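Letter by letter, the chains look like this.
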Amino acid sequence: MNKTALRKKYKALRNFLSENEIEEKSLAVANKTLTLPLWEKTYFHIFLPITEQKEVNTEFILHILSGKDKEIIVSKADFATRKMTHFLLTDNTRIKKNEYNIPEPVDGIEVPSTKIDVIFVPLLAFDKKGHRVGYGKGFYDKFLSECKPDAIKIGLSFFEPEELITDIFEGDIQLDYCVTPNQVYKF
């Protein structure tokens, strides 16, 4: 299937999920992340979910990261340049939704992409080769290309993989893992 068809399919599938199902599946995804070989790392980038888009609720993973005393990084998107600026999440970080309902830090201590060890990546769909489909704006592909080569890229999905995404581009960055409520996929 191509990216356009997959976006349509998975937005529709997400819309059928109840709030209760989102919470249950998000908790299952968080519990599965505990099996990943990455907990010796220090700098973890995580997305804050767009609840209106019914994304994986990363609050459970945030609790795990906080409990393991990790440095947690969140981003702010610039839609004019398609760049993301990354900030350390602290007790003083103020989060505000932007015009697209994306929760973002207002300001804070900036962290360069090259310092990040692990990135939890939002997505709509993924395939068995580790390719992902996002919303199509290219923010994460640009961000991931700026990270160090050994940074671990982990997709979070409510759904299992598609066989193949047919229209992959050269600039698309593959995931290292994708975590669903049922399984961890390694690529």
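Basis of the calculations
- Residues numbered from 1 in each chain as written.
- Predicted model: local features only at pLDDT ≥ 70, side-chain atom pairs only at ≥ 80, totals over all residues.
- Heavy atoms only, no water.
- Helix = DSSP H or I, 4+ residues; strand = E, 2+ residues; numbered from the N terminus.
- Salt bridge = Lys/Arg side-chain N within 4 Å of Asp/Glu carboxyl O.
- Axes fitted to C-alpha atoms, helices over the stretch in contact; angles between N-to-C directions.
- Left-handed = near helix turned anticlockwise from the far one by under 90°.
- Contact = heavy atoms within 4.5 Å.
- Nonpolar A, V, L, I, M, F, W, Y, C, P; charged D, E, K, R; others polar.

Engineer: Where do I start with the environment of Ala28 in this structure?
Structural biologist: Structurally, Ala28 can be placed in helix α2 (residues 19-33). Linking Ala28 and Lys153, residues 125 residues apart in sequence, is a C-alpha distance of 19 Å.

Engineer: Looking at this structure, I do not really get the pattern of salt bridges. What am I missing?
Structural biologist: Where charged atoms of side chains with opposite charge meet at close range, the side chains can pair. Across all of its chains, the model carries 9 salt bridges by this definition. With a shortest N-O distance of 3.9 Å, Lys41 and Glu40 are connected by a salt bridge. A salt bridge links Glu163 to Lys128, with the shortest nitrogen-to-oxygen separation between them at 3.0 Å. Of the two residues, Glu163 sits in the loop between β9 (152-156) and β10 (177-179) while Lys128 sits in the loop between β7 (125-126) and β8 (132-133), which places them 35 residues apart along the sequence.

Engineer: Quick question: what am I supposed to make of the packing of α2 against helix α3 (residues 59-67) here?
Structural biologist: Where α2 contacts α3, the two axes come as close as 8 Å, and the packing angle between them is 30°. Of the two possible hands of crossing, α2 and α3 adopt the one that is right-handed. Residue-level inspection shows Glu23, Ser26, Leu27, Ala30 and Thr33 of α2 in contact with α3, the latter providing Phe60, Ile61 and Ile64. Tallied by class, the residues present in the contact of α2 with α3 amount to 5 nonpolar, 2 polar and 1 charged.

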